[in-house]
Amino acid sequence: MRRRVGGVGAIQKQQLAQARFRNKGSEIAEDQLQQMTKQMEVFRTKLQEFASNHKNEIRKDPYFRCQFQEMCATVGVDPLASSKGFWAKMLGVGDFYYELGVQIIEVCIATSHQNGGIIGLDELREKVMKSRGSKKRQEDITQDDLLRAIDKLSVLGKGFRLIPAGNHYLVQSVPAELNMDHTTILQQAEGTGFISLMALRRTQKWGEERAQNALEDLVKEGMAWVDDQAKDEGERLYWFPGLLQDKLVSW
Amino acid sequence: MDRFEWCDGSFQSSEKLLFKIQSGVKLYDGDNVTNFVNGGLTLTNYRILWQSEVSSREYISLQLQLVVFIEKESSGWGRSGKIVVHLIEPSSRKGQTNKGPVQHSPFSFVKFTFKNGGEIDFYTQLNSAIEKREWEQKLLLGKSERKLRTGIVGIERQIQEKQKETDKSISAAFKDLSKLMDMAKDMVSLSKTIAQKIQDQKGEISEDETIRFKSYLLSLGVSDPVTKDTHGTGDDYHKELAKELANLMEKPIEEAGGIMPLSDIYCRVNRARGLELLSPEDLVNACKVMEILKLPVKLHIFDSGVMVLKLSSQDDSILAQSASVLVEEKESLTSDELSRILGTSVVLAKERLLSAEKSGFICRDDSVEGLRFYKNRFLKEMS
């Protein structure tokens, strides 16, 4: 008959062995993860090179094009990689600015849940460069390139536009027609009938531009009134006469 | 035919592609036609693979070691070329059922017919592959590998080997374009396994939300985008494009609440089309013909100049009517109240009220408190 393992010593020994196995296991897993991340990087760079060097050949073969796109999707590589080239630089022709337009809108949509569709041009540039990938190509995106690309998008209506703000630009990707921020503001102001920029930013965690823009829209629509009387103590208040109805009765 | 096995189409280690026919290959079990018509045929140094044209995931394979000899069958006028492959009895069944589409077959040979040609090349390549008998080396390799599989060191070594192999196949595939085209399928599955494993251990493939969003958009690819090459440059092109757009965007627009700005459409469509970039002008022109074609989505231009695509089912007059019904229910409504009821934006709600007013369903009370709408009693109760 087999001897049963007994005693504290045996249990401790067993536990120690198990712990060692676990350590080794996570060590191997960690190692493997690193290797795979490396392979992924290689894959990405190669795919990017191919996208920029063999664009036309890839387009010609529909079967291969699908597979190429699938690869780009799985590893997160941007297949649009035309270089600016001489003619694009001089005349703004070619695919470069159209592609940049796609990438710009993509960044705007991806971040709109945070910024309500309003983003500064500098931040936009940073994010576009990151999403385009490889460092080599990053350097050649300037603010002027972005402005040109956005200008080409103006055919798509006023939903996507530049807003000059002092010495910099804001890009608005969600038109007022589809902007839910106004509803949010009205909801927040419901109790008091008024709101200030700071109060709005505090509760909703919005950027200054986003909040300012939405409030101004409401003023333009005639739904909010500006009150600068309290400015000495603090800041401008926005009153909503439509929400005051019940209050007026009780006053 | 009972020697065929299902498989996933990926190559084993040290398996090499020798020859490939894209389409038109039909399989016969002996003299009988099988369900395996219209496929592609791939020859490697170990196997023959047949792949369905309809579903790209359906593969069956035949081990070359089971092949005794092959012969050509004459391909008279109007008939496709045939190759007959004679097979040995599989030696070790061990009472198991095999993992193939056919369990038992009275025939000891199969036939391939080649509707789109290629049988002569296939014949010579297959003959030389059978002569070389490379699968025997593979069996030896397999045995020596198995010895290493002991203890932690063995496991580690095995993982290392595997990683080296992956590195090698990546660098081989990306050597030049034609190589990549040949190995595209393997690379697709390889990239997927790597991405999957990284995701399992680390979460997302990238921290950057734009890159994640990009991946998502790219994965909704269109396999056959409408281009100027295929449909000319005129009216036809825009009409076909309009259909493609409607087809592609109907669901996303529905998910977005029935309305989506044209800029979003531009981005999504171009991502789905991949390298076949569409210009903003062509997009707008295609959107303009949507209404004539009675597609499920159509272009709408707001007074502010904002362009959107919206579901055709959301017709202005229907929306105005539903707004006036709501006004009647609540006695009176402002645009922000309506926006909260409908879950739309304030501006959109106002538009609906204004168009209901235009149709005479409701009328306004414009005061310092803002613009409020009531049921139009003048119209209904006076008459």
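Residues numbered from 1 in each chain as written. Chains lettered and ligands numbered in written order. Predicted model: local features only at pLDDT ≥ 70, side-chain atom pairs only at ≥ 80, totals over all residues. Heavy atoms only, no water.

## Regarding the sheet that holds strand 6 (residues 237-239) of chain A
Strand pairing in a sheet takes place through backbone hydrogen bonds and is either antiparallel or parallel in direction. Residues and elements named next belong to chain A. Pairing within the open sheet is antiparallel, and its three strands lie in the order 4-6-5. The strands lining the two open edges of the sheet, one partner per strand, are strand 4 (194-196) and strand 5 (225-227). Here the strands of the sheet are splayed against their neighbours by 30° on average, with no regard to which way each runs. Bridge analysis of strand 4 against strand 6 gives three bridges, and the strand direction is antiparallel. The partner of S196 across the bridge, within strand 6, is L237. (Pairing = 2+ DSSP bridges. Helix = DSSP H or I, 4+ residues; strand = E, 2+ residues; numbered from the N terminus. Axes fitted to C-alpha atoms, helices over the stretch in contact; angles between N-to-C directions.)

## What about the interface of chain B and chain A?
Taken together, the 83 residues of chain B in the interface contact 85 residues of chain A. Taken together, the two surfaces of chain B and chain A that pack against each other cover about 7700 Å², and 67% of this comes from carbon and sulfur. Per-residue buried area on chain B facing chain A is highest for F174, L275 and R340 of chain B; these three make up 10% of the total on that side. The interface formed by chain B and chain A contains five salt bridges. The interface formed by chain B and chain A includes 18 residue pairs in polar contact (both at pLDDT 80 or more). At 13 residues, the largest contribution of residues to the side of chain B that touches chain A is made by helix 5 (residues 184-202) of chain B. Residue composition of the side of chain B that touches chain A, by class: 41 nonpolar, 21 polar and 21 charged. (Contact = heavy atoms within 4.5 Å. Buried area = accessible area lost by both parts, 1.4 Å probe. Salt bridge = Lys/Arg side-chain N within 4 Å of Asp/Glu carboxyl O. Polar contact = N/O pair within 3.5 Å; in protein donor to acceptor, adjacent residues only side chain to side chain. Nonpolar A, V, L, I, M, F, W, Y, C, P; charged D, E, K, R; others polar.)

## Observations concerning the confidence of the model for chain B
Residues and elements named next belong to chain B. Of all residues in chain B, 91% attain a pLDDT of 70 or more, and the chain-wide mean is 81. Low confidence marks residues 142-146, where pLDDT is under 50. Its contacts with residues over four positions away, or in another chain, come to zero contacts. Model confidence for the complex: the whole-complex pTM is 0.65, and ipTM, which rates the interface, is 0.78. (pLDDT = per-residue confidence, 0-100.)

## A look at unusual backbone geometry
Residues other than glycine seldom take positive phi values, yet K205 of chain A does so here, at roughly 60°. Position of K205 of chain A relative to the elements: it lies in the loop between helix 10 (197-204) and helix 11 (208-220). With phi around 75°, E331 of chain B is a residue other than glycine that occupies positive phi space. Tracing the backbone through its elements, the reader meets E331 of chain B in the loop between helix 11 (316-330) and strand 13 (332-334). Judged by its relative accessible area of 60%, E331 of chain B is exposed. (Buried < 20%, exposed > 50% of the residue type's maximum accessible area, 1.4 Å probe, protein only.)

## Structural notes on helix 3 (residues 151-173) of chain B
Taking 1.5 Å per residue, 23 residues should reach 33 Å; helix 3 of chain B reaches 33 Å between its end C-alpha atoms and fits that length. Taken residue by residue, helix 3 of chain B has G154, I159, Q163, T166, I170 and A173 of chain B as its buried positions. (Expected span 1.5 Å × (residues − 1).)

## So, the packing of helix 12 (residues 335-342) of chain B against helix 13 (residues 346-358) of chain B
Residue and element names in this part refer to chain B. Where helix 12 meets helix 13, the axes come as close as 8 Å, and the angle between the chain directions of the two elements is 110°. If you check the angle between helix 12 and helix 13, you find them roughly perpendicular. Judged by residue contacts, S335, D336, L338, S339 and L342 of helix 12 engage V346, A349, K350, R352 and L353 from helix 13. Partitioning the contact of helix 12 with helix 13 into residue classes produces five nonpolar, two polar and three charged. (Parallel < 35°, antiparallel > 145°, perpendicular 65-115°, else oblique.)

## Comments concerning the sheet that holds strand 14 (residues 362-367) of chain B
Residues and elements named next belong to chain B. Pairing is antiparallel in the open sheet, where three strands are placed in the order 13-15-14. Unpaired on one side and paired on the other, strand 13 and strand 14 mark the two borders of the sheet. Strand-to-strand twist of the sheet, defined as the mean angle between neighbouring strand axes without regard to direction, takes the value 30°. Where strand 14 meets strand 15 (residues 370-375), six bridges bridge the pair, whose relative direction is antiparallel. Its bridge partner being in strand 15, S367 is matched across the sheet by G370. Sheet contacts for helix 11: strand 13, strand 14 and strand 15; angle to strand 13, the most-contacted strand, approximately 120°. Packed onto the sheet, helix 13 meets strand 13, strand 14 and strand 15 and runs at close to 120° relative to strand 14.

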